[in-house]
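Coordinate analysis (summary)
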Amino acid sequence: MDKKGRFGEYGGQFVSETLMSALLELEHAYDMITADPHFEQALREYQAEFAGRPTPLTFCANMSRELGCRIYLKREDLVHGGSHKLNNTLGQALLAQRMGKKRLIAETGAGQHGVATAIAGAALGLPVEVYMGEVDTKRQALNVFRMELMGAKVIPVKTGTRTLKDAINEALRDWVTHVEDTYYLIGSVVGPHPYPMMVRDFQSVIGCEAREQCKKKEGRVPDTIVACVGGGSNAIGIFYPFLSDTLELVGVEAGGRGIGTGEHSATLCAGEAGVLHGAFSYLLQDAHGQVLPTHSIAAGLDYPGVGPEHSMLKDARRVTYTTVNDQDVLDAFMFLSRTEGIIPALESAHAVAYVLKHADRFDKDDVVVINLSGRGDKDVAEVAALQGVT
Amino acid sequence: MSRIDRVFQRNGQTTFIGFAVAGDPDRDTSARVAHALIDGGTDILELGVPFSDPVADGKTIQKADERAIAAGTTPDTVFSLVREIRAYSAVPIVLLTYYNMVYRRGVERFYREAHEAGVDGILIADMPVEESAEVVEIARTYEIDPIFLVTRTTSPERMDEIVRRARGFLYLVSVLGVTGARDRVPDEALALLHRVRTHTALPLALGFGISAPEHVKTCAEAGADGVIVGSAIVSIVEKNAGNIPLMEQELKRYVARMKAAGVRDR
Ligand SMILES: Cc1ncc(COP(=O)(O)O)c(C=O)c1O
């Protein structure tokens, strides 16, 4: 990071004046806990005893045979709650508790971050309110119920596109209104500084584990790591500890119905620099600066922004960003379920789809790690409906 | 001395700053809204540049932004409106916008075109003083007053930094929250007014939630130099969209009543 809160030219703190003191307070609190071994220890304990870390790095014998390379899955689908999101929410909820905050608020798209916040809130005794676009409350109804079971209140957002972007808008409006006692627990590496840095740090446990596990199993780091990119937290979480290694890093965005149709969420592949939700980063916007509606089969990727660190990594060409379309994703969802007995989240299926589509790029000794950011139980009903199964 | 400075120099009344969203519900009606606000006695006209994601705004202004965008409003529309209003009146015009609208056009181009159209001040709702260096410099080049927000949560150190860069007036946010009409002016708002007074001689205008003559009176008695009224005006526009002559009449009457409440008798 160069200037305060900047990744190259990206990042910053573009928020209304009321939130500045809260961000400064958060920066300060985060500095304190990063220097505090007790915090680290408390987090480690929750990760091991509650979240189920470390997660396995599973060798996929069937898929490897079929594709002709050595494929591993980093099994974030096995984290308690069903996705990588708990890595972040446990860290931030512990921080909120240290800061003496009385209430957690969060936004959610697929519902996975909302569920992970509900889990952390219940475990630490903090009340949780989750903003969720009305469209998403319908396509991820199971997750709404899961949040409610764990005592969280889900607030459907009926403004704008009624998806993740608008859920973040509403969460920001709530925060600005209750800034003194409320902690905004953001779910990805987006938003104003220090969120992108802090969420990346909490998610880096994925890459730290994967690096050790791969060295143990293969005696070296992988040749390629593939992760899906919505806001970018699971991707940066697995990439970050490998940034100074020699290997290929691939971030897969939601190509939706195809970049040419305009119905996608491929921020890095099709966007241009701008400011949304407090950070300067790539953004899907029109010629005048209005943020564009997005589409993805995966609610968790259906977002017009992206974390500022990814924007820097794209410009530096350290990470290759690309897309796969909805249909590729459905095929990958089916493929992994059938071949390995693992049902991936539709978000994670984007990373799987990339490897399936580009299998001919890999040699038989190439080691490819796919970040399986979540499990697909939440998507089963929607996929069944798309397949005409009722 | 800028046009905004001169307005605040006039004695005997609390400066009334009336806000409407440019292009709400469409460009031509919006021009008539602006003219009616001026005819009613608005001292400074504040125009919102509609944005898809106005996170500092409550429901009333969000919906106005949506209407304006649906009607095809762009920054070009806004500047053409400003030129039309400028031909009609010499009232200072302040734009309220979000950073992405400025960045996308190019900061320098946005300020140059604003200046050429006759804009006097610009407030960027999601640009804290920490991110404002480039913008403030360009604003100065084009003689546009950079307007900044100050809130209850602004620390004394940051307040000094804001005061150093701000020109025209300071926009004091009377509540923690988003824009929208509220029942009363909270005591914290008046406490903020007194606190900021110790930091600067700039005129201080209170906004967020001010909608009734009693609110103006409270602010005036507490020594505010101005009041900013947005959502209440936008609601009048929304309610009377089907009857524009009535809308104009209501707007004029409303501004006149609010102004009368701000007359200081000393
Ligand atoms: C399983 C899963 N993967 C990925 C994402 C996308 O988020 P990010 O890009 O921050 O990892 C989500 C978001 O909801 C998700 O639920």
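Presented here is an overview of the structure given in this document. Source: prediction; values computed, not measured. (Residues numbered from 1 in each chain as written. Chains lettered and ligands numbered in written order. Predicted model: local features only at pLDDT ≥ 70, side-chain atom pairs only at ≥ 80, totals over all residues. Heavy atoms only, no water.)

1. Quick word on the overall build of chain B
- Broken down by element type, chain B carries 12 helices and 8 strands.
- Overall, the C-alpha framework of chain B stretches about 45 × 40 × 30 Å when taken along its three principal axes.
- Looking at the 266 residues of chain B, the share that counts as buried comes to 65%.
- Considering only contacts in chain B between residues 6 or more positions apart, those separated by 24 or more positions represent 75%.
- In the structure as shown, chain B presents an accessible area of about 9,800 Å², 49% of it carried by carbon and sulfur atoms.
- Separation of charge centres in chain B, based on 32 positive and 37 negative side chains, amounts to 3 Å. (Helix = DSSP H or I, 4+ residues; strand = E, 2+ residues; numbered from the N terminus. Buried < 20%, exposed > 50% of the residue type's maximum accessible area, 1.4 Å probe, protein only. Contact = heavy atoms within 4.5 Å. Areas by Shrake-Rupley, 256 points an atom, 1.4 Å probe, with all protein chains shown as cover. Lys, Arg positive; Asp, Glu negative; His and termini not counted. Charge placed at Lys NZ, Arg CZ, Asp CG, Glu CD.)

2. Comments concerning the pattern of salt bridges
- Counted under the stated rule, the structure contains 53 salt bridges over all chains.
- A salt bridge links Glu209(A) to Arg53(A), with the nearest nitrogen and oxygen atoms 2.8 Å apart. With Glu209(A) in helix H10 (residues 205-218) and Arg53(A) in the loop between helix H2 (37-51) and strand E3 (57-59), this pair connects stretches of sequence that are 156 residues apart. As far as the burial class goes, Glu209(A) and Arg53(A) line up, both buried.
- Residues Glu84(B) and Arg27(B) are paired through a salt bridge, measuring 2.8 Å at the closest nitrogen-oxygen approach. You can see Glu84(B) sitting in helix H4 (residues 75-88) and its partner Arg27(B) sitting in helix H2 (residues 27-40), a full 57 residues away along the chain.
- Note on Arg27(B): relative accessible area 24%, which makes it partly exposed.
- Bridged by salt links that share partners, the residues Arg53(A), Lys74(A), Glu76(A) and Glu209(A) form one connected network. (Salt bridge = Lys/Arg side-chain N within 4 Å of Asp/Glu carboxyl O.)

3. Quick notes on the pairing of strand E6 (residues 170-173) of chain B
All names here are of chain B.
- A two-sided burial pattern is seen for E6, the buried positions comprising Leu170 and Leu172 on one face and Tyr171 and Val173 on the other.
- Looking at chain direction, strand E5 (residues 145-150) and E6 are connected through 3 bridges and run parallel. Looking at E6, one finds that leucine 149 is bridged to tyrosine 171.
- Handedness of the E5-helix H8 (residues 156-165)-E6 crossover: right-handed.
- One crossover worth recording links E6 to the parallel strand E7 (residues 204-207) by way of helix H9 (residues 187-197), and it is right-handed. (Pairing = 2+ DSSP bridges. Right-handed = clockwise from strand over helix to strand, strands pointing away.)

Keep in mind these values describe shape, not function.
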